[in-house]
Amino acid sequence: QVQLVESGGGLVQAGGSLRLSCAASGSISSINTMGWYRQSPGEQRELVATATQGGSTSYAGSVKGRFTISRDNAKNMVYLQMNSLKPEDTAVYYCNYRGVLRTYWGQGTQVTVSS
């Protein structure tokens, strides 16, 4: 199994920045994709960004240019640097791990952006 522990969420004013961290532990596959999803009240969970083991990244159009996903494979960690935050970014952010056998999710961390 894989366990995901998130940190870094909080309250920030519009235009501010936050950095989310996710630490993966357990049976880590040599081939995996890690990423971030988010979900706001009344909305479906949506993809924010992903990063492969080899460093390839993908972003949702709404965050492209503002958010940056990065990985530290030696530490089995993934980060999400969020800049120029907008109230629309307010959501619960979930760390995601896609391995060979199955997908795992973190418990989520709240990000609130005030106007």
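Above this text sits the structure in question.
One structure accompanies this document, and this report is about it. Computed from a predicted model, the values in this text were never measured in an experiment.

A closer look at the overall build of the protein
Across its full length, the protein holds zero helices and 11 strands. In sequence order, the secondary structure elements of the protein are arranged as β-β-β-β-β-β-β-β-β-β-β. In summary, the protein has a C-alpha radius of gyration of 13 Å against a globular reference of 13 Å for 115 residues, a match within 12%. Taken along its principal axes, the extent of the C-alpha atoms in the protein is 40 × 25 × 20 Å. The burial tally for the protein puts 38% of its 115 residues in the buried class. The contacts of the protein with a sequence gap of at least 6 include a subset with a gap of at least 24, amounting to 52%.

Comments concerning the pattern of salt bridges
Taken as a whole, this structure holds three salt bridges when the rule is applied. Between E46 and R38 there is a salt bridge; the shortest N-O distance is 2.8 Å. Given the relative accessible area of 34%, E46 is considered partly exposed. In this structure, D89 and R38 form a salt bridge, with 2.9 Å as the shortest nitrogen-oxygen distance. With a gap of 51 residues between them, D89 in the loop between strand 8 (77–82) and strand 9 (91–98) and R38 in strand 4 (residues 33–39) connect regions that are remote in the sequence. On the basis of relative accessible area, D89 is assigned to the buried category, the value being 1%. When its relative accessible area of 6% is taken as the criterion, R38 is described as buried.

Remarks on the sheet that holds strand 1 (residues 2–7)
What links the strands of a sheet is backbone hydrogen bonding, and the strands pair in either a parallel or an antiparallel sense. Read from one edge to the other, the open sheet built from four strands follows the order 1-3-8-7, with strand pairing classed as antiparallel. With partners counted over all chains shown, the strands left at the sheet margins are strand 1 and strand 7 (67–72), one partner each. Recorded for the sheet is a direction-independent mean angle of 15° between the axes of neighbouring strands. Here strand 3 (residues 18–26) runs beside strand 8; their pairing, made up of six bridges, is antiparallel. Of the residues in strand 8, the one forming a bridge with R19 is Q81.

Analysis parameters
- Residues numbered from 1 in each chain as written.
- Predicted model: local features only at pLDDT ≥ 70, side-chain atom pairs only at ≥ 80, totals over all residues.
- Heavy atoms only, no water.
- Helix = DSSP H or I, 4+ residues; strand = E, 2+ residues; numbered from the N terminus.
- Rg over C-alpha atoms; globule rule 2.2 N^0.38 Å.
- Buried < 20%, exposed > 50% of the residue type's maximum accessible area, 1.4 Å probe, protein only.
- Contact = heavy atoms within 4.5 Å.
- Salt bridge = Lys/Arg side-chain N within 4 Å of Asp/Glu carboxyl O.
- Pairing = 2+ DSSP bridges.
- Axes fitted to C-alpha atoms, helices over the stretch in contact; angles between N-to-C directions.

Nothing here speaks to function; it is geometry throughout.
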